[in-house]
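This is what each chain is made of:
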Amino acid sequence: MGEPLQASRGTRDIWGAEILLWQRVEQQAREILGRANYQEIRTPIFEATELFSRGIGEGTDIVSKEMYTFTDRGNRSLTLRPEGTAGVVRSFIEHKRFQQGVQRCWYLGPMFRYERPQAGRYRQFHQLGVEVFGSDDPRADVEVIALALELLQSLQVTALTLELNSVGDLDDRCRYRAALVDYLTPYAQELDPDSQVRLHKNPLRILDSKDPKTQAILQDAPQLPDYLSPAAQAHFEQVQAGLAALGFTYVLNPRLVRGLDYYTRTAFEITTTALGAQAAVVGGGRYDGLVETLGGPATPAVGWALGLERLVTLLQKQGDATIPGPEVYVAAFGEGTAILALQVAQKLRHLGLRVEMDVSHSPVGKQLKRADKLGSKACVIIGETEAATGQILVKWLATGVQDVVAFPAGFAQPEWWREKLGTGPA
Ligand code: HAM
């Protein structure tokens, strides 16, 4: 036997009680996003590398050091998607969906970034995201932000903060960038090493630095909101008014810049203090230039993505879900019982019951023990006599009471089973 293998660094298995939380999130998302008429989209997990380098920006951490890029056997450079937006935009352009008016979609799936793994940060992680194409109306920004908050509220996640900023249009950002570089250049030697590199590559990201000295220098730095054009300013005010009108509170964070280059105007994050350094559960904003950058017609757009691992960790803090056991366990032992066990299990499943069939060859006592341990309410017991007569024993595990049920007639009566199981009508 070889050495047992382990999951790759930064990846994890999701199973057991945890999977129930993932299913709950997905179910709520389908419900809430469906009610707002968002359509699900599933795009490929790998795309041409160029899509991400052009879309997300060469100077970003994601593109410069975190992508899983490989050459396939046809000598194409491909990359495992580090985020969902670029692929959705590629699909939107490829299928000319810009001809169909405003488009709203959502997606859920794994993303890949070669990051240093730590709590809440993985190399394969999952995002649930939404994107809206074709509207520059601030109500679209408000709608997507509200949907994220409503999803989180429906899952009873509390203690979250909506942090809001506007990064302006391209021109605004260019002017701000120049002012920021002017301000920071005299302090260049005092900045942390990362920020020194960013000063020329991606100065806005310096605003994100956690280094205390850099933060102190930033205290008196020019602020992005002071560089907004009147149009971007008005848009931002309307987003705020819309959120307030829906009863959502937010905190303005003039230093909020996102790790991807495509944002324009609204940028936001929904953060928590419960997850240590990985505070952002949701991140998103408007990206009015991306469709054009990727070769489509100028199309305004806005969206967000939620980190599912982070959300599920928050849900786990509220208490784990328990895995429901089978309602009925089918035990069989002895000659000529195997086929009948298959048929009985099938019949009961056709009634809509959750049924597990024993396939262990264990003695009947052990099979009953397992039924009990799994939390089943009933155990169907098929021995040689039952197989010969078609009169089958059903033991109700809570009371020990037994019934004899004729096969197949008695296994086609949903009301009787539901009443006995105490689950009411299906
Ligand atoms: P992002 O901020 O890079 O934005 O990622 C969104 C969320 O994904 C984060 O807030 C976080 O919860 C989660 N996340 C990111 N990286 C990791 C990781 N390594 N491990 C665990 N969770 C992680 C985007 O990706 C944009 N595409 C969002 C967007 C959509 N903007 C407009 N539309």
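Residues numbered from 1 in each chain as written. Predicted model: local features only at pLDDT ≥ 70, side-chain atom pairs only at ≥ 80, totals over all residues. Heavy atoms only, no water.

## A look at the packing of helix 5 (residues 138-154) against helix 9 (residues 230-245)
Turning to step 1, where the next piece is worked out: Running from N to C, helix 5 and helix 9 point in directions that differ by 45°, and their axes come no closer than 8 Å. In terms of orientation, helix 5 and helix 9 fall into the oblique class. Here helix 5 and helix 9 pass one another in a crossing that is right-handed. Only H235, Q238, V239, G242 and L243 of helix 9 make contact with helix 5, whose side of the interface consists of P138, D141, V142 and I145.
Turning to step 2, where the next piece is worked out: Across the contact of helix 5 with helix 9, the residue classes tally to five nonpolar, three polar and one charged. (Axes fitted to C-alpha atoms, helices over the stretch in contact; angles between N-to-C directions. Helix = DSSP H or I, 4+ residues; strand = E, 2+ residues; numbered from the N terminus. Parallel < 35°, antiparallel > 145°, perpendicular 65-115°, else oblique. Left-handed = near helix turned anticlockwise from the far one by under 90°. Contact = heavy atoms within 4.5 Å. Nonpolar A, V, L, I, M, F, W, Y, C, P; charged D, E, K, R; others polar.)

## Side note on the sheet that holds strand 16 (residues 402-406)
Turning to step 1, where the next piece is worked out: Here five strands make up an open sheet; going across it, the order is 13-12-14-15-16 and the pairing mixed. With partners counted over all chains shown, the strands left at the sheet margins are strand 13 (355-357) and strand 16, one partner each. In this sheet, adjacent strand axes meet at a mean angle of 25° when their direction is disregarded.
Turning to step 2, where the next piece is worked out: In terms of strand pairing, strand 12 (residues 328-332) meets strand 14 (residues 378-382) through five bridges, oriented parallel. When the bridges of strand 14 are listed, V328 appears paired with A378.
Turning to step 3, where the next piece is worked out: Across the sheet, helix 12 (residues 338-350) is in contact with strand 12, strand 13, strand 14 and strand 15 (391-396); its angle to strand 13 comes to roughly 170°. (Pairing = 2+ DSSP bridges.)

## Observations concerning the pairing of strand 5 (residues 103-112)
Turning to step 1, where the next piece is worked out: Counting buried residues along strand 5, eight of its 10 residues qualify, which places the element largely inside the surrounding structure.
Turning to step 2, where the next piece is worked out: Pairing geometry for strand 1 (residues 39-40) and strand 5, over two bridges, is parallel. From the neighbouring strand, E40 faces strand 5, where its bridge partner is W106.
Turning to step 3, where the next piece is worked out: With 10 bridges connecting them, strand 5 and strand 6 (residues 124-133) associate as antiparallel partners. Within strand 6, the residue paired with G109 across the bridge is Q127. (Buried < 20%, exposed > 50% of the residue type's maximum accessible area, 1.4 Å probe, protein only.)

Everything listed is a geometric property; what it means functionally is a separate question.
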